[in-house]
Amino acid sequence: MPGDRGKAADEVDASARRDDGLLAVRAAEGDEEAFEALVHRHAPMALRLATRLLGSRPEAEDAVQESFVSAWRKLPEFRRDAQFGTWIYRIVTNRCLNVLRSRRPVVALDGLPEPAAPEHEVSPARVAEGHAAVADLARAMEGLSPEQRVCWVLRELDGASYESIAETVGISTEAVRGRVFRARRYLTEAMAAWR
């Protein structure tokens, strides 16, 4: 039954959060194996986020590694009432923001997986058109501020809620809504030729 599956998934999520909390406490006490378990659990999500934000796998890998090093050092400051996943997501986001602020934004959106189309519908012209649209979007995203870009990527590509983004970025929900709105408006104008 669909309701039972949702309940089971919620129970698994709650169990994982409890496990994360216990592992974080043990890691804060110096247990390297507990921290290693947290890294293994959260690194794929962190790398996906960093790659989307930075557009470069090598830069994303560096940012994630630096984020986990920072998390290890800051574990004694970790609030036990917070979720470890949200906390590391915020550290990764802030690290990526620092990288974005230190350079002109460049996004290689061609690294993002494209939905597969049935072979009979794929033509060279459609493939070329798709590549051109992705290249235009990458150029358009360069016009966003790093703060707008982070909020837009978290909302539109990761599907995060406004509340989750606010917690991750450390701003109000209203500020997130404003940044996403301005990013959407800018990208809509910049991509007008594709409508």
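Here the structure is shown first, and the text comes after it.
Residues numbered from 1 in each chain as written. Predicted model: local features only at pLDDT ≥ 70, side-chain atom pairs only at ≥ 80, totals over all residues. Heavy atoms only, no water.

*Asks:* An account of the pattern of salt bridges is requested, with residue identities and associated values reported.
*Replies:* Taken as a whole and judged by the stated rule, the model has 7 salt bridges. Of the charged contacts, one joins Asp20 and Arg41 as a salt bridge, the two residues approaching to 2.4 Å between their closest N and O atoms. One end of the pair, Asp20, is in helix H1 (residues 2-28); the other, Arg41, is in helix H2 (residues 32-54), with 21 residues separating them in the sequence. Arg41 gets classed as partly exposed once you look at its relative accessible area, which sits at 37%. Residue Glu61 is joined to Arg57 by a salt bridge in which the shortest nitrogen-to-oxygen separation is 3.0 Å. Residue Glu61 and its partner Arg57 are located together in helix H3 (residues 57-74), separated by 4 residues, close to a single helical turn. On the accessibility criterion, Arg57 (46% relative accessible area) is partly exposed. (Salt bridge = Lys/Arg side-chain N within 4 Å of Asp/Glu carboxyl O. Helix = DSSP H or I, 4+ residues; strand = E, 2+ residues; numbered from the N terminus. Buried < 20%, exposed > 50% of the residue type's maximum accessible area, 1.4 Å probe, protein only.)

*Asks:* I'd like a description of H3, backed by residues and values.
*Replies:* Over its 18 residues, H3 extends 25 Å from the first C-alpha to the last, a length consistent with the 26 Å expected when each residue adds 1.5 Å. Taken residue by residue, H3 has Ala60, Ala63, Val64, Ser67, Phe68, Ser70 and Ala71 as its buried positions. Buried residues of H3, seen end-on, are gathered within an arc of 160° and therefore sit on one face of the element. Pointing more than 90 degrees away from the buried face of H3 are the exposed residues Pro58, Gln65 and Arg73. Buried residues along H3 sit against H2 and helix H4 (84-101). (Expected span 1.5 Å × (residues − 1). Arc of directions from axis to C-beta. Contact = heavy atoms within 4.5 Å.)

*Asks:* Hey, could you go over the packing of aromatic side chains for me, with residue numbers and the actual values?
*Replies:* Scanning the entire structure with this criterion turns up 5 aromatic pairs. Measuring from centroid to centroid gives 5.9 Å for Phe78 and Phe84, while their planes differ by 70°, and the two rings are edge-to-face. Each of the two residues, Phe78 as well as Phe84, counts as buried. Taking the centre distance of 4.9 Å and the plane angle of 50° together, the rings of Phe78 and Trp87 count as tilted. Both residues of the pair, Phe78 and Trp87, belong to the buried class. Grouping aromatic residues by their ring pairs yields a cluster made of Phe35, Phe68 and Trp72. The ring centre of Tyr162 lies 4.1 Å from the NZ or CZ of Arg155, which sits over that ring. (Phe/Tyr/Trp six-rings, centres within 6.5 Å; stacked < 30°, edge-to-face > 60°. Lys NZ or Arg CZ within 6 Å of the ring centre and 35° of its normal.)

*Asks:* Account for the nonpolar core, naming residues and giving values.
*Replies:* Counting residues in hydrophobic clusters, the biggest one holds 49 residues, and the most contacted among them are Phe35, Leu75, Phe84, Ile88 and Leu154. Counting only elements with at least two residues in this core, the list comes to H1, H2, H3, H4, helix H5 (124-141), helix H6 (146-157), helix H7 (162-169) and helix H8 (173-190). Discounting chain neighbours no more than four positions away, the residues touching Leu75 are Ala24, Ala27, Ala28, Phe35, Arg80, Phe84 and Trp87. (Core = buried A, V, L, I, M, F, W, Y, C linked by side-chain atoms within 4.5 Å.)

*Asks:* Tell me about the environment of Pro44, and name the residues and values.
*Replies:* Relative to the helices and strands, Pro44 resides in helix H2. For Pro44, a relative accessible area of 44% gives the class partly exposed. A sequence separation of 20 residues divides Pro44 from Val64, and the C-alpha atoms of the two residues are 9.5 Å apart.

*Asks:* Which residues make up the environment of Glu156, and what values go with them?
*Replies:* If you trace the backbone, Glu156 turns up in helix H6. Since its relative accessible area comes to 35%, Glu156 is described here as partly exposed. Separated by 24 residues in sequence, Glu156 and Val180 have C-alpha atoms that sit 8.8 Å apart. Beyond its immediate stretch of four places on either side in the chain, Glu156 contacts Val180 and Arg184. Within polar-contact distance, the side chain of Glu156 engages the side chain of Arg184 at 2.4 Å. (Polar contact = N/O pair within 3.5 Å; in protein donor to acceptor, adjacent residues only side chain to side chain.)

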